[in-house]
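Residue-level structural notes
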Amino acid sequence: TVTDDFIRGLPKAELHLHIEGSLEPELMFELSKRNGIDIPYASVEEVKAAYDFSRLQDFLDIYYAGANVLQTRADFHDMAMAYFRRAAADGVIHAELMFDPQTHTDRGIAFEEVIEGLLSARKQAEEELGMSSLLILCFLRHLSEEAAFETLKMAEPWIEHITAVGLDSSEVGHPPIKFAQVFAAAKEKGLKITAHAGEEGPPEYVWQALDQLHVDRIDHGNRALEDEKLTERLGEEQMTLTVCPLSNLKLCVIDDIKDHPIDRMLEAGLKATLNSDDPAYFGGYVGDNYRAVVDARGLSRDDVIALARNSFTGSFLPADKAAALV
Ligand code: ADE
Ligand code: ZN
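Residues numbered from 1 in each chain as written. Chains lettered and ligands numbered in written order. Predicted model: local features only at pLDDT ≥ 70, side-chain atom pairs only at ≥ 80, totals over all residues.

Take the pairing of strand β1 (residues 12-18) next. Burial analysis of β1 places seven of its seven residues in the buried class, which makes it a mostly covered element. As judged from the five bridges shared by β1 and strand β2 (residues 92-99), these two strands associate in the parallel manner. Across the sheet, the residue bridging to His18 is Met98, located in β2. (Buried ≥ 20, exposed ≤ 12 C-beta atoms within 10 Å, placed from the backbone. Helix = DSSP H or I, 4+ residues; strand = E, 2+ residues; numbered from the N terminus. Pairing = 2+ DSSP bridges.)

Once that is clear, we can look at the environment of Lys12. Tracing the backbone through its elements, the reader meets Lys12 in strand β1. Between the alpha carbons of Lys12 and Glu237 there is a distance of 22 Å; along the sequence they are 225 residues apart. Residues contacting Lys12, with those up to four places away along its chain left out, are Gly91, Val92, Val286, Ala308 and Ser311. (Contact = placed C-beta atoms within 7 Å.)

Within this numbering scheme, the UniProt entry marks His16, His18, His196 and Asp277 as carrying the feature "binding site: Zn(2+)" (unreviewed entry). Of the residues just listed, which span 262 residues, no C-alpha pair is farther apart than 11.7 Å, and they cluster in one region. If you trace the backbone, His196 turns up in strand β5 (residues 192-197). By C-beta crowding, His196 is classed as buried, having 28 other C-beta atoms within 10 Å. Contacts of His196, omitting those with residues within four sequence positions, involve Leu167, Asp168, Glu171, Asp219 and His220. Its place among the elements puts Asp277 in the loop between β8 (271-274) and α14 (279-282). Those residues within four positions of Asp277 in sequence are excluded, and the remaining contacts are His16, Leu17, His18, Gly21, Cys244, Ser247 and Phe282. (UniProt positions renumbered as here; feature names shortened; annotations may be inferred.)

What follows concerns the environment of Phe312. Checked against the element boundaries, Phe312 lands in helix α16 (residues 301-313). Its 21 C-beta neighbours within 10 Å are what place Phe312 among the buried residues. In this structure the C-alpha to C-alpha distance between Phe312 and Leu325, which are 13 residues apart in sequence, comes to 6.9 Å. With residues near it in sequence (within four places) discarded, Phe312 still touches Ala13, Ala322, Leu325 and Val326.

Let's shift gears to the UniProt feature "active site" (unreviewed entry) in the protein chain. The UniProt feature table records "active site" (unreviewed entry) at Glu199. Take Glu199: it is sitting in the loop between β5 and α10 (203-211). For Glu199, a count of 23 C-beta atoms within 10 Å corresponds to the buried category. Excluding anything up to four places from it in sequence, Glu199 contacts Leu56, Glu171, His220, Asn222 and Val253.

Within the fold, Leu129 resides in helix α7 (residues 111-129). Sequence separation between Leu129 and Ala89 is 40 residues; the distance between their C-alpha atoms is 9.8 Å. Not counting chain neighbours up to four residues away, the residues in contact with Leu129 comprise Phe84, Arg85 and Ala88.

Turning our eyes to something else, we now look at the nonpolar core. Grouped together as the largest cluster of nonpolar side chains are 91 residues, with contacts concentrated most on Ile19, Ala80, Leu97, Phe99, Leu118, Val165 and Ala209. With near-sequence residues (within four places) excluded, Ala80 lies in contact with Ile19, Leu97, Gly117, Leu118 and Ala121. (Core = buried A, V, L, I, M, F, W, Y, C linked by C-beta atoms within 7 Å.)

Time to look at α16. Relative to the 18 Å expected for 13 residues at 1.5 Å per residue, α16 spans 18 Å between its end C-alpha atoms, a close match to the ideal helical length. Of the positions making up α16, those classed as buried are Asp303, Val304, Leu307, Ala308, Asn310, Ser311 and Phe312. (Expected span 1.5 Å × (residues − 1).)

Non-glycine residue Ser169 carries a positive phi angle of around 80°. You can see Ser169 is positioned in the loop between β4 (164-168) and α9 (180-188). In this structure, Gln238 takes a positive phi of about 50° despite not being glycine. Inspection of the secondary structure puts Gln238 in the loop between α11 (228-237) and β7 (240-243). Residue Gln238 is classed as exposed on the basis of its 12 C-beta neighbours within 10 Å.

Here you go:
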């Protein structure tokens, strides 16, 4: 049997976490007061009641609105520290944080405020929790490639603090190939590459992420299973998939947690990991995601150990550092 203590006690990395998606309703209210920013909810309960989604876009609309309360570097710092503390309690010893600069710069918040807040939290998490972390700058795919280039340029003074670039937001209608040039430019700068693909979008988008963006990782990848050749390719390359079960459930990628494909992924020889995506919105942190699929799919201790091991070997840490954590 796989107990809660076993899950919690197993050292793990989290590879798919949008820091803006870790903003809990309680902190949203606190920041709304601190900054004098109105939010369209009267109470924490009302906020939580609004978290009822039928698809990715339903969630994104509410997630971008929630981010409005984030104004200063202190806000980004406090949000990230809350995440680090919560993740540490789940046995996370290394976290790779995605952030969406355009969500903030497009409403007049300086890139500097965003990143300096995140960097100071990273430092505090290392000192107080012994937790290592790194940053993944994500481009919003519903915006243009030109806007992504501008964001990459804005990040230039902090580029040494950024490990990878990612691609998120509304998937369908915004295929990876739309961003081929900006990802090539990021690779030139020595950045690692990841992209959300095959969450709602078709297997074709996963092929594009591989062949046009030259990704080091795929975020989600669920729909790759619809394509046998693609599944084979992902297995052969041992491409890391950052899978997010509770997100899949809340966004109706699956109808029931009992249908989650995590064990089919492992059986197919895919290098899957478990992650929380946007824990404040999807009802659980990484430990809850392990618990959910262990219960729904009857994963063994060995499966759980394999998933945790994949989280280190699939991380963007240098290979020697990752090996030391396994
Ligand atoms: N932004 C935050 N979470 C996301 C997800 N699951 N898919 C696409 N974009 C996102
Ligand atoms: Zn995501």
